[in-house]
Amino acid sequence: MRLKSSLVVTAAALAAIVTPLLAGPAAAASGTEATVSTNWYYGRMVIGWKINPYRLDPIQITAQDRATDGYVIGIRLITNGEAGHKVWKMRTVPSGQTTASWTTYLEAGWIDNAYFEVCKIGASSGAIASCEASTVMINPFDDSSM
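Scoring rules and cut-offs
- Residues numbered from 1 in each chain as written.
- Predicted model: local features only at pLDDT ≥ 70, side-chain atom pairs only at ≥ 80, totals over all residues.
- Heavy atoms only, no water.
- Disulfide = S-S within 2.5 Å.
- Helix = DSSP H or I, 4+ residues; strand = E, 2+ residues; numbered from the N terminus.
- Buried < 20%, exposed > 50% of the residue type's maximum accessible area, 1.4 Å probe, protein only.
- Pairing = 2+ DSSP bridges.
- Phe/Tyr/Trp six-rings, centres within 6.5 Å; stacked < 30°, edge-to-face > 60°.
- Lys NZ or Arg CZ within 6 Å of the ring centre and 35° of its normal.

Next up on the list: the state of the cysteines. Summed over the entire model, instances satisfying the criterion amount to one disulfide. Paired by a disulfide, Cys 119 and Cys 131 hold their sulfur atoms 2.1 Å apart. Judged by the sign of its S-S torsion, about 105 degrees, the bond between Cys 119 and Cys 131 is right-handed. Separated by twelve residues along the polypeptide, Cys 119 in strand β8 (residues 111-122) and Cys 131 in strand β9 (residues 128-133) bring together distant segments of the chain. In this structure Cys 119 comes out as buried when scored by relative accessible area, which is 0%.

What follows is the structure in structure tokens.
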């Protein structure tokens, strides 16, 4: 019985070491995260960077409306890379909710960096009143050898 337990533990340890080596660059991933916080709103994005294919996966997005002031809170991703400067779709906290979360991915070629904006949007007009940008999240992979 003792030999069987030792074999199971040894096999599990060996799998933990060998599996990442066999996975190769297609499974390579690293993450970054940033937040924006004020008295009126909160926003957070956690981005998983992947290569081969180049993807932001997963992107976990959270937005929170902290004030009942006639504004809707929106959050949008902005990327810079081989496709140029791109502003992605605005996501808004639905009416009647204070917090909303989304998980998504983005496949847009090589992305050098990303950041997001949390915006106050007039509930009746739909016009953006103001936005605050997060810190820039830099791609953790070096593409100079690709």
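We now examine the pairing of strand β2 (residues 41-50). Burial within β2 is extensive, with eight of its ten residues counted as buried. Here β2 hands over to strand β3 (residues 55-65) after four residues, with Asn 52 in that stretch at a positive phi of 55 degrees.

Across all of its chains, the model carries one aromatic pair by this definition. Ring geometry for Tyr 54 against Trp 110: centres 5.0 Å apart, planes inclined by 80 degrees, an arrangement best described as edge-to-face. Highlighted residues: Tyr 54 in the loop between β2 and β3 and Trp 110 in the loop between β7 (99-106) and β8, separated in sequence by 56 residues. The class of Tyr 54 is partly exposed, set by a relative accessible area of 27%. The ring centre of Trp 88 lies 4.4 Å from the NZ or CZ of Lys 86, which sits over that ring.

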